[in-house]
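Examining the three-dimensional arrangement
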Amino acid sequence: MITLLTIFMLAVFVGFEIITKVPPTLHTPLMSGSNAISGIAVVGAILVSGAADPNTATWIGFGAIVFATINVVGGFLVTHRMLDMFKKKD
Amino acid sequence: MERVEIIQLAYLGASVLFIMGLKGLTRPKTAVRGNQLGALGMLVAIAATLADQGVLDYKVIAGGIALGTVIGFLLATRVQMTKMPELVAMFNGLGGGASALVAAAEFYRQSGNPELAVEFTTATVASVLIGGVTLTGSLVAFGKLNGSLRDFRLPKHHIYNILVGLVVLGLAIWFCTAPETTWTFWTIAGVSLFFGIMLTVPIGGGDMPVVIALLNSMSGLAAAATGFVVGNTVLIIAGSLVGASGLILTAIMCKAMDRKLFDVLFGEFAPSGGGPDADEIYAGKIKSTSGDELAMVMESCRSVMFIPGYGMAVAQAQHAVRDLSNLLESRGVDVTFGIHPVAGRMPGHMNVLLAEADIDYDKLLDLDQSNAAIQQTDVAIVIGANDVVNPMAREPVGPISGMPIIDVDKATTVVVVKRSLSPGYAKIPNPLFAADNTLMFFGDAKKAMTEVTAAIKDL
């Protein structure tokens, strides 16, 4: 538990450190891109739905997988689409 | 090396990719690469998880991933850029919802166990609470953004919110000390969903960028909490990175409105009364204009600054604005765009729309740059923006006192394109509309821009 807390605290600080002075143009892509990363819940969802004999937990997990996958796939794709528009006029 | 260790190494690799990806997303030159690195990190994390020994059956997993991929793909490729705030709100909600569901599933699996560690129960409650609030809060935000939900406020709404918050807190403490009371857990889940609705129903309009950024942060924090529930490091790392980045955006948005986060969530906005009333300010001083007149004004000008707001998004006027801007440039006019950080309904909203219309982002000025350039600007064209250009913000007292604005009234001539004199989100009149150098162009932004463009061509 202490190890996990340590990792958590360090990651929060890393997050604050790497995201400094974001130009306004990138506010939306940063948000949708980071949002796709929060779809990492899919990892937890896979872990709870892989039981040999499906039970209620499996089906709750199934819902979680669908939600998180929409989040991941949609988030990265739409971010890419937006960034593509920003690039066009280079 | 054992399988567990290989999986942990893969998670470490994924975490590094997420960090590099997020860092990349903060610079225009590296943003595309950053997004790809993030996606790669996700792929690595998912592949490693599928190899976990606890995963015995793949049918449900494969089905869920296939369904989610199809829906996510369709949403991301079909959505119009003007609908981007809705989409981001929905994704935030799904992320939070997924985290809450994972925690619920894990609790369900463990609920036969009479000796749940307090660490586990605390993390589970945190995950369900944050994830649940994020889910329903985002759904409400989504409904407001697409216009199906209106702002709704009970009398003394913030008192009820504090009460609901205390109820959740009380239940959470009870559950953590007595985890065998399964019903408390499911009650917490239900109250969390309700809390998300209560928190967001009164907030709307101009505060939306703050809310969206905050929900973005919470979707990350929910994932981090879920990481504690299932004891998974990559969830904790990725979740807290997103939580931090969302918080930074939230802070930027709050600063741009000179509002404290607490006031956005719990405060009463714009105490009515006190200020001068609309009739007093506007009476006899409003000068209405037309496309032809504007064409003549702009015929001789050398610099034009567009100041877009939510009205441009509603009217989908970005392409019409682009056409006018191109025409002016072809006639040797210097064109810029003054972007207020909270213009629109989400952070960066205006930038996305203007990029969609192929407007070069070198022409986009931020708040400070806009104010530095405004005094040398011949014509400032405000398109569907209101509070962010309201000079009342410079007054020492008043509902929006202290909020940074774009000082468009300092341009030689100001044109305000707006459907009516109705107030903005702050519900106060705007003396800019009655200023000596302001011309009001009443009507739909897209139609107005098209008219001006046609009139200039006819000169």
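Residues numbered from 1 in each chain as written. Chains lettered and ligands numbered in written order. Predicted model: local features only at pLDDT ≥ 70, side-chain atom pairs only at ≥ 80, totals over all residues. Heavy atoms only, no water.

Quick word on the packing of aromatic side chains
What counts, and what does not: Any pair of Phe, Tyr and Trp rings, taking the six-membered ring for Trp, is counted once the centres come within 6.5 Å. Such a pair is stacked with planes under 30 degrees apart, edge-to-face with planes over 60 apart, and tilted for the rest. Numbering of helices and strands runs from the N terminus; a helix is a DSSP stretch of H or I covering at least four residues, while a strand is a stretch of E covering at least two. Any residue under 20% of the maximum accessible area for its type is buried, any over 50% is exposed, and the rest in between are partly exposed; the area is computed with a 1.4 Å probe on protein chains only. Whether a charge sits over a ring comes down to the Lys NZ or Arg CZ being within 6 Å of the ring centre and within 35 degrees of the ring normal.
Evaluated as defined, the whole model comprises 10 aromatic pairs over all chains. A centroid spacing of 5.8 Å and a plane angle of 70° characterise the contact between Trp-59 of chain A and Phe-62 of chain A, whose relative ring orientation is edge-to-face. Here Trp-59 of chain A pairs with Phe-62 of chain A, and both are found in helix H4 (residues 56–87), just 3 residues apart, close to one helical turn. The class for Phe-62 of chain A is partly exposed, based on a relative accessible area of 24%. Taken together, a centroid distance of 6.1 Å and an interplanar angle of 70° make the contact between Phe-107 of chain B and Trp-186 of chain B edge-to-face. Separated by 79 residues along the polypeptide, Phe-107 of chain B in helix H4 (residues 84–110) and Trp-186 of chain B in helix H7 (residues 182–200) bring together distant segments of the chain. Judged by relative accessible area, Phe-107 of chain B falls into the buried class, the value being 1%. For Trp-186 of chain B, a relative accessible area of 36% puts it in the partly exposed group. Here Arg-345 of chain B stacks its cationic end above the ring of Tyr-310 of chain B, 3.7 Å away from the centre of that ring.

Notes on a nonpolar patch on the surface
Defined as follows: Like charges are joined within 9 Å and nonpolar side chains (Val, Leu, Ile, Met, Phe, Trp, Tyr) within 5 Å, but only among residues with over 30% relative accessible area and no salt bridge; these make up the patches. Computed with the Shrake-Rupley method and a 1.4 Å probe, the accessible areas treat only the protein chains shown as cover for residues. When a carboxyl oxygen of Asp or Glu lies within 4 Å of a side-chain nitrogen of Lys or Arg, that pair is called a salt bridge.
There is a patch of nonpolar side chains on the surface, built from Ile-159, Tyr-160, Ile-162, Leu-163, Leu-166, Leu-169 and Ile-173 of chain B and spanning about 680 Å² of accessible area. Within the fold, Ile-159 of chain B resides in helix H6 (residues 157–177).

Quick notes on the interface of chain A and chain B
For the record, the criterion: We call two residues in contact whenever any of their non-hydrogen atoms come within 4.5 Å of each other. When two parts are put together, the accessible area they lose, computed with a 1.4 Å probe and summed over both, is reported as buried area. Whenever a nitrogen or oxygen atom comes within 3.5 Å of another N or O atom, the pair is scored as a polar contact, on the condition that within protein one atom can donate a hydrogen and the other can accept it, and that pairs from neighbouring residues in sequence are kept only if both atoms are in side chains.
Opposite the 79 residues of chain A that make contact, chain B presents 101 residues. Contact between chain A and chain B buries roughly 7,900 Å² in total, counting both sides, with carbon and sulfur atoms accounting for 79%. Ranking the residues of chain A by area buried against chain B places Met-31, Ile-40 and Leu-47 of chain A at the top, with a combined share of 9%. Linking chain A with chain B are 0 salt bridges. Across the contact surface, chain A and chain B share 16 residue pairs in polar contact (both at pLDDT 80 or more). Elements supplying a minimum of two residues to the side of chain A that touches chain B: helix H1 (2–18), helix H2 (27–38), helix H3 (41–48) and H4 of chain A. The element contributing the most residues to the side of chain A that touches chain B is H4 of chain A, with 31 residues.

Description of the domain arrangement of chain B
Residues and elements named next belong to chain B. Formally: Source of the domain bounds: an automatic or database domain assignment. Three classes are used: nonpolar for Ala, Val, Leu, Ile, Met, Phe, Trp, Tyr, Cys and Pro, charged for Asp, Glu, Lys and Arg, and polar for all others, with Gly counted as polar.
Each assigned domain of chain B is listed with its residue range as follows: domain 1 (1–78), domain 2 (84–266) and domain 3 (278–457). Of the residues lining the interface, 9 residues belong to domain 1; the matching set on domain 2 comes to 9 residues. On the domain 1 side of the interface with domain 2, the three residues burying the most area are Tyr-11, Leu-22 and Leu-75, jointly 51% of the side's total. When residues in the side of domain 1 that touches domain 2 are grouped by element, the largest group, 7 residues, is from helix H1 (residues 3–24). Here the residues of the side of domain 1 that touches domain 2 sort into 7 nonpolar, 2 polar and no charged.

Quick notes on the pattern of salt bridges
All names here are of chain B. Within the structure shown, the criterion is met by 9 salt bridges over all chains. Asp-57 serves as the salt-bridge partner of Lys-59, at 3.2 Å between the closest nitrogen and oxygen. The class of Lys-59 is exposed, set by a relative accessible area of 65%. Residue Arg-394 is joined to Asp-407 by a salt bridge in which the shortest nitrogen-to-oxygen separation is 2.6 Å. Here Asp-407 lies in the loop between strand E4 (379–383) and strand E5 (413–418) and Arg-394 lies in the loop between E4 and E5, a separation of 13 residues in the sequence. Take Arg-394: its relative accessible area is 41%, and that puts it in the partly exposed class. A single salt-bridge network, built from bridges that share partners, covers Arg-394, Asp-407, Asp-409 and Lys-410.

Here we look at the pairing of E5 of chain B
All names here are of chain B. Counted only if it meets this: Strands qualify as paired when DSSP identifies two bridges or more between them.
Burial analysis of E5 places 6 of its 6 residues in the buried class, which makes it a mostly covered element. Alternating positions in E5 separate into two faces, Thr-413, Val-415 and Val-417 on one and Val-414, Val-416 and Lys-418 on the other, with burial throughout. Summarising the sheet, E5 and strand E6 (residues 438–442) pair through 5 bridges and their orientation is parallel. Bridge assignment links Lys-418 to a residue of E6, and that residue is Phe-442.

Some words on the packing of H3 of chain A against helix H2 (residues 31–50) of chain B
For clarity, the cut-off: What counts as an axis is a line fitted to C-alpha atoms, over the stretch in contact for a helix, and the angles between N-to-C directions run from 0 to 180 degrees. Reported orientations rely on four angle classes, namely roughly parallel under 35 degrees, roughly antiparallel over 145, roughly perpendicular from 65 to 115, and oblique for the rest. Here a crossing is taken to be left-handed if its near helix is turned anticlockwise relative to the far helix by less than a right angle, and right-handed if that turn runs clockwise.
Two numbers describe how H3 of chain A lies on H2 of chain B: the axes approach to 9 Å, and their chain directions differ by 15°. One element, H3 of chain A, and the other, H2 of chain B, form an angle in the roughly parallel class. Seen along the crossing, H3 of chain A lies across H2 of chain B with a hand that is right-handed. Contact residues: H3 of chain A offers Val-42, Val-43, Ile-46 and Leu-47 of chain A, while H2 of chain B offers Met-42, Ala-45, Ile-46, Thr-49 and Leu-50 of chain B. Among the residues forming the contact of H3 of chain A with H2 of chain B, the class breakdown is 8 nonpolar, 1 polar and no charged.

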